[in-house]
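# Observations on the model geometry
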Amino acid sequence: MKKITVLLLSTLFIFCAFSSCGDDDDEYNGAIVGKWKYLRLETNVVLNPENDAAAQVIRNYVESEYGSIGEYLDMVIEFRSNGKVYLSGIQVGSYSVNGDVVKYSVQGVQAEDKVVVNGNNLVLSSEIASYFTTDVLRNLGISNPENVNVKSVSVTEYYQKQ
């Protein structure tokens, strides 16, 4: 259940986690502050050996857990300068930015994602392959899950500044 909670929260806050060192620690700190409207979600699955059917099952699962486009169409994420994060006007947790990584805490769950801010565009990305253990693959109905090596499951969310 905790893994599912982390997965769900990561989906909502993919853009929230950055971990970089050096003098550029404030590069995205000010840039991320503001309200961001959800635009779209992309999921990329890499399996070894390739298995199109299993990849599609994983992709469908991730997209259903992250929510359908219609569900998020009106979603607005707000990062305030005081370190609080809001989802559609409701405070859901806190965040901090270090370089190009945003770390967040939502209802006791810690997560982090890579962020890119380019003008009025925010891109949040996360790698969640470690979630897809053999047991999870089996529960998703994938045949012979012990033969499926999940190399990468990347989730990217796109937002536009309001």
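The structure reproduced in this document is the subject of the present report. (Residues numbered from 1 in each chain as written. Predicted model: local features only at pLDDT ≥ 70, side-chain atom pairs only at ≥ 80, totals over all residues. Heavy atoms only, no water.)

## Topic: the packing of aromatic side chains
Overall, the coordinates contain 5 aromatic pairs when judged by the stated rule. Both rings, one in Tyr61 and one in Phe132, keep their centres 6.1 Å apart while their planes meet at 85°; by these two values the pair is edge-to-face. With Tyr61 in helix α2 (residues 52-66) and Phe132 in the loop between β7 (121-127) and α4 (134-139), the pair connects residues that are 71 residues apart, well separated along the chain. Judged on exposure class, the residue Tyr61 and its partner Phe132 are both buried. Their ring planes at 90° and their centres at 5.0 Å tell us that Tyr131 and Phe132 sit as a pair that is edge-to-face. Residues Tyr131 and Phe132 agree in their burial class; the two are buried. (Phe/Tyr/Trp six-rings, centres within 6.5 Å; stacked < 30°, edge-to-face > 60°. Helix = DSSP H or I, 4+ residues; strand = E, 2+ residues; numbered from the N terminus. Buried < 20%, exposed > 50% of the residue type's maximum accessible area, 1.4 Å probe, protein only.)

## Side note on the environment of Val33
Relative to the helices and strands, Val33 resides in the loop between α1 (2-12) and β1 (34-48). As for Val33 and Glu78, which are separated by 45 residues in sequence, their C-alpha atoms are 7.1 Å apart. Dropping the residues within four chain positions of it, Val33 is found in contact with Phe79, Arg80, Ser81, Tyr95 and Lys161. (Contact = heavy atoms within 4.5 Å.)

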